[in-house]
Amino acid sequence: MVQAVVEYRIDRRSGVATYVQIVQQTKQALRLGLLEPGDRLPTAREVVEATAINPNTVLKAYRELEREGLVEARRGLGTFVRRSLGAAPADSPLRAELDAWAARAGAAGLERDDVAALFTSVLDAHFADSKGDA
């Protein structure tokens, strides 16, 4: 049994429901290869201790991930990754290029929201025909 290293960060000011943030962050970890099939997600108790959110919120997020076929709950053992997403490993050369670009954007005086808006507009232009999957 492998214990995955995934730490959820909850932004209470984002306007995004807490359980949705957990789902989105789990999917991001799956896309980046930080979570792989067989890895165990943190227990609800571990997430609650780290984030001070309601345990039912964590369970709701995990149920959503299970409904999508990404994880499976094993009674008494925890919740485990069933399948991965995407093909953009965290150590991809593309990540290094994007990191350098983000550093240049910051040096040029852009704020985080400016960078996000610019990046999103480019993504929208390049992936206009594909459906987004948070």
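Residues numbered from 1 in each chain as written. Predicted model: local features only at pLDDT ≥ 70, side-chain atom pairs only at ≥ 80, totals over all residues. Heavy atoms only, no water.

- In the nomenclature of an unreviewed UniProt entry, the protein chain is known as GntR family transcriptional regulator of Streptomyces collinus.

## Description of a nonpolar patch on the surface
Piece 1. Together, Leu 98, Phe 119, Leu 123 and Phe 127 make up a nonpolar patch on the protein surface, roughly 350 Å² of accessible area in all.
Piece 2. Looking at the element boundaries, Leu 123 is found in helix 5 (residues 112–126).
Piece 3. Accessibility expressed as a relative area gives 32% for Leu 123, which makes it partly exposed. (Patch = residues over 30% accessible without salt bridge, like charges linked within 9 Å, V, L, I, M, F, W, Y side chains within 5 Å. Areas by Shrake-Rupley, 256 points an atom, 1.4 Å probe, with all protein chains shown as cover. Salt bridge = Lys/Arg side-chain N within 4 Å of Asp/Glu carboxyl O. Helix = DSSP H or I, 4+ residues; strand = E, 2+ residues; numbered from the N terminus. Buried < 20%, exposed > 50% of the residue type's maximum accessible area, 1.4 Å probe, protein only.)

## Considering the packing of aromatic side chains
Piece 1. All told, the structure shown has one aromatic pair when counted by the stated rule.
Piece 2. Consider the rings of Trp 101 and Phe 119, whose centres lie 6.5 Å apart with planes at 45°: the pair is tilted. Remark: Phe 119 occurs in helix 5 and Trp 101 occurs in helix 4 (residues 93–107); sequence separation between them is 18 residues.
Piece 3. For Trp 101, a relative accessible area of 27% gives the class partly exposed.
Piece 4. The side chain of Lys 60 reaches across the aromatic face of Tyr 19, ending 4.2 Å from its centre. (Phe/Tyr/Trp six-rings, centres within 6.5 Å; stacked < 30°, edge-to-face > 60°. Lys NZ or Arg CZ within 6 Å of the ring centre and 35° of its normal.)

## A closer look at the nonpolar core
Soluble globular proteins: nonpolar side chains tend toward being buried together.
Piece 1. Among the nonpolar cores identified, the biggest contains 20 residues, and Ile 22, Leu 41 and Tyr 62 are the most heavily contacted of them.
Piece 2. At the level of secondary structure, the elements contributing two or more residues to this core comprise helix 1 (18–31), helix 2 (44–51) and helix 3 (55–67).
Piece 3. Contact partners of Tyr 62, with chain neighbours within four places excluded, come to Tyr 8, Ile 22, Leu 41, Pro 42, Val 47, Val 71 and Thr 79. (Core = buried A, V, L, I, M, F, W, Y, C linked by side-chain atoms within 4.5 Å. Contact = heavy atoms within 4.5 Å.)

## Focus: the side chain of Thr 51
Piece 1. Inspection of the secondary structure assignment puts Thr 51 in helix 2.
Piece 2. Note on Thr 51: relative accessible area 10%, which makes it buried.
Piece 3. Polar contacts involving the side chain of Thr 51 include one to the main-chain carbonyl oxygen of Val 47, which spans 2.6 Å.
Piece 4. Excluding residues within four positions of it along the chain, Thr 51 makes contact with Tyr 8, Ile 10 and Arg 12. (Polar contact = N/O pair within 3.5 Å; in protein donor to acceptor, adjacent residues only side chain to side chain.)

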